[in-house]
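Given next are the chains, with one letter for each unit.
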Amino acid sequence: MTKHVYRLRPAGRLLDPSNELRDQYIYFARPDELNDPMEGFRDVVWKGDDIVWTNLFRHYVSCLNLTVVLAMVQGDDVAITPDDIPVQGLAGDHPPPLETTILDELCAVIFDRCKLPNLIRKLSTSRRPVRREELLLYLMIIHFVAIEEVRTIHVRHGITCESTSPRVALKPPINPDVIPTLIARLCNEEPDIAEEFLAALNQVSKHIYENIILMKKYDASKSRRRSATFEELNREFIVLDFPRAYVSQLDRLTCPDWCVACFVEDCRNSSVWGHYGDNHKGAALMFKAEGDLESPALTLGPMAGVSSSPSSGVKHAEEGMARSYGSFQFHRINYDQKVPELDFFRSLGVPSLGRLIDRWYTSEEGKRSKCADHLSSHAEDSWREEYWDKFYGHLSSKNGDWAYERERRIVLTSLFSDLREPMNRKLTYRFESLAGIIFGINMPDETKVRIIDMVAKKCQVENRKSFDFFQAYYNHETGTIEKQKLDVKLTS
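What you are looking at is a predicted structure, and each value in this text was computed from that prediction instead of being measured. (Residues numbered from 1 in each chain as written. Predicted model: local features only at pLDDT ≥ 70, side-chain atom pairs only at ≥ 80, totals over all residues. Heavy atoms only, no water.)

**Thoughts on the environment of V109**
Phase 1: Looking at the secondary structure, you find V109 in helix α4 (residues 97–113).
Phase 2: For V109 and T447, which are 338 residues apart along the polypeptide, the C-alpha to C-alpha distance reads 66 Å. (Helix = DSSP H or I, 4+ residues; strand = E, 2+ residues; numbered from the N terminus.)

**Some thoughts on the layout of surface pockets**
Phase 1: Taken as a whole, the largest pocket encloses approximately 1100 Å³ of empty space.
Phase 2: Contributions of two or more residues to the lining of the largest pocket are made by α6 (132–156), α8 (191–224), α9 (230–249) and α10 (251–254).
Phase 3: Sort the elements by how many residues they give to the lining of the largest pocket and α9 lands first, with 4 residues.
Phase 4: Across the lining of the largest pocket, the residue classes tally to 12 nonpolar, 3 polar and 16 charged. (1 Å grid on protein atoms, 1.4 Å probe; cavity = no way out; pocket = protein on both sides within 12 Å on 5 of 7 lines; lining within 4 Å. Points joined across faces, edges and corners; volume = space filled by probe spheres on them. Nonpolar A, V, L, I, M, F, W, Y, C, P; charged D, E, K, R; others polar.)

**Quick notes on the nonpolar core**
Phase 1: W46, W53, F57 and Y246 are the most contacted members of the largest nonpolar core, which totals 82 residues.
Phase 2: Counting residues per element, this core draws most heavily on α6, which supplies 13 residues.
Phase 3: Discounting residues that sit within four places of it in the chain, Y246 has contacts with L56, H59, Y60, C63, I85, V87 and L139.
Phase 4: I410, Y429, M454 and V455 belong to the second-largest nonpolar core, a separate cluster that totals 34 residues. (Core = buried A, V, L, I, M, F, W, Y, C linked by side-chain atoms within 4.5 Å. Buried < 20%, exposed > 50% of the residue type's maximum accessible area, 1.4 Å probe, protein only. Contact = heavy atoms within 4.5 Å.)

**Here's the deal with the pairing of strand β5 (residues 283–288)**
Phase 1: For β5, a buried count of 5 out of 6 residues is recorded, marking the element as mostly surrounded by other parts of the structure.
Phase 2: In the sheet, β5 pairs with strand β16 (residues 434–439) via 5 bridges, with the strands oriented antiparallel. By the bridge assignment, A283 is partnered in β16 with F439. (Pairing = 2+ DSSP bridges.)

**Here's the deal with unusual backbone geometry**
Phase 1: Residue P17 is bonded to the preceding D16 through a cis peptide linkage, with omega at 10 degrees.
Phase 2: Its identity is not glycine, yet Q24 carries a phi of approximately 60 degrees, on the positive side.
Phase 3: Looking at where Q24 falls in the secondary structure, it is placed in the loop between α2 (20–23) and β2 (25–27).
Phase 4: Overall, Q24 belongs to the buried group, its relative accessible area being 13%.
Phase 5: If you check the backbone angles, N463 has positive phi at about 55 degrees while not being a glycine.

**So, the sheet that holds strand β15 (residues 426–429)**
Phase 1: Strand order across the open sheet formed by 4 strands is β2-β15-β6-β9, with antiparallel pairing between neighbours. Only two strands of the sheet have a single neighbouring strand rather than two, namely β2 and β9 (326–329). Sheet twist, expressed as the average angle between the axes of neighbouring strands with direction ignored, equals 50 degrees.
Phase 2: Bridging between strand β6 (residues 297–301) and β9 involves 4 bridges; their strand directions are antiparallel. Paired with L300 across the strands is G326, a residue of β9. (Axes fitted to C-alpha atoms, helices over the stretch in contact; angles between N-to-C directions.)

**A look at the packing of aromatic side chains**
Each aromatic ring pair is specified by the distance between its two centres and by the angle formed by the two planes.
Phase 1: Tallied over the full model, the rule gives 19 aromatic pairs.
Phase 2: Taken together, a centroid distance of 5.0 Å and an interplanar angle of 75 degrees make the contact between F391 and Y392 edge-to-face. For the pair F391 and Y392, a shared accessibility class is recorded, and that class is buried.
Phase 3: Each ring, one from F431 and one from F467, has its centre 5.9 Å from the other, and the planes form 10 degrees; the classification is stacked. Within this pair, whereas F431 is found in the loop between β15 and β16, its partner F467 is found in the loop between α14 (445–462) and β17 (468–475), the two being separated by 36 residues in sequence.
Phase 4: Given the relative accessible area of 3%, F431 is considered buried.
Phase 5: Judged by its relative accessible area of 5%, F467 falls in the buried class.
Phase 6: Put simply, the rings of W46, W53, F57, F344, F345 and W360 pair up and form one aromatic cluster.
Phase 7: If you follow R7 out to its NZ or CZ, it ends over the ring of F263, 5.6 Å from the centre. (Phe/Tyr/Trp six-rings, centres within 6.5 Å; stacked < 30°, edge-to-face > 60°. Lys NZ or Arg CZ within 6 Å of the ring centre and 35° of its normal.)

**Some words on the pattern of salt bridges**
Phase 1: Under the defined criterion, the tally for this structure stands at 33 salt bridges.
Phase 2: Measuring nitrogen to oxygen at the nearest pair gives 3.0 Å for the salt bridge that ties D251 to R132. With a gap of 119 residues between them, D251 in helix α10 and R132 in helix α6 connect regions that are remote in the sequence. The same class applies to D251 as to R132, namely buried.
Phase 3: Among the ionic pairs, K448 bridges to D445, the shortest N-O distance being 3.6 Å. Taken together, the positions of K448 and D445, both in helix α14 and 3 residues apart, correspond to about one turn of that helix.
Phase 4: The class for D445 is exposed, based on a relative accessible area of 54%.
Phase 5: Through salt bridges with shared partners, one network takes in E265, D266, R268, R332, R406 and R408. (Salt bridge = Lys/Arg side-chain N within 4 Å of Asp/Glu carboxyl O.)

As structure tokens, this is what we get:
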């Protein structure tokens, strides 16, 4: 028996200006375009030895330095966004000599002034993992020292001049190693309340940080009495927003960029029509799923003029991009599952193996971190398999509040395609895969006529003799949205 999946769309998406129906494509949405802010949330924790902790703080300083340089290059032309932070490094694996020299100088002075070796020693010997809010707290404390030293070293190397480089705080408000000392003492002396207290401390710290940033931005906006220039916005981003943006971007090292196309197993739920079918004025596209009922799939390919498209393959066709049509699996959403912890230092799956070993798992003395044991020759294959299972598991989990959707989704990753480009997130389906269209209860007749006319023309081109149209209606006996087949005879 053929299994159908449904994709609800507003009429404005199917017709002009988007023309999804005419161009026969499915749009894959980025996480920030989805309606659930918890989409793809990963409960990342940091726990590792002194090598990876040292390299993490070096990575922060490097990203800050390169972002400052980017702001200088762009000037007042473009606003910097969190996506511009080079957490994955620059294009080459070998940075220019000057960049290496500047990074070494920066780390030497920042590590010394902020007492980071003491902090790293305490973090690497602690049995307690560090969560996002705590990591952000450490970065906030060292951030203004780091900015000041970036300014100083850029002036020293002639990258910028003294008059155009902003001054900020000259020293951290407290040494960052004070916090883990207090936490360790609390865990030893009051273990019963330690976890609850730490959660409250992190929340309070986050609240204070966000409040300070908001008020500084408010004060700056009042003093300008005009719209901020890109140069001012970029400086504000670096001074105020960078630590928070950096922590959020670290997820890009544990998983590739991704986007999804959402479908439902059935479309009888009125709320689903209300949310995704433009308050019942839209339509539901009925797709014939391929394969068995437990692992349905859909064949997708490239948009015209796009050189890359999803590859065919086995379990993880979504991982790659090729130049032909390929079969994409529908992942069933699991609801009411608690998001598991993700060990950051042991889940770095995006950088190349060489970059991982060199930048994250090796000390300046050439010693290798224990956090890289999974990359040994006998363990790497099993780790990679587990890595992808966790990746798709995270993207297939949602809060139980969304269970009424009964969602299935197709995932597209950025391993071989830049998903920042909208055209790379539009994949076409074969017209034969579209089994029918269900008109929403409130769709105007004029819109139905336009859709029928467009489908009739496609059927003529594809030499397709028939196409099923349905009208959605409310069933008073079942309390659900049902469909009734329409007697439409196609003409062109």
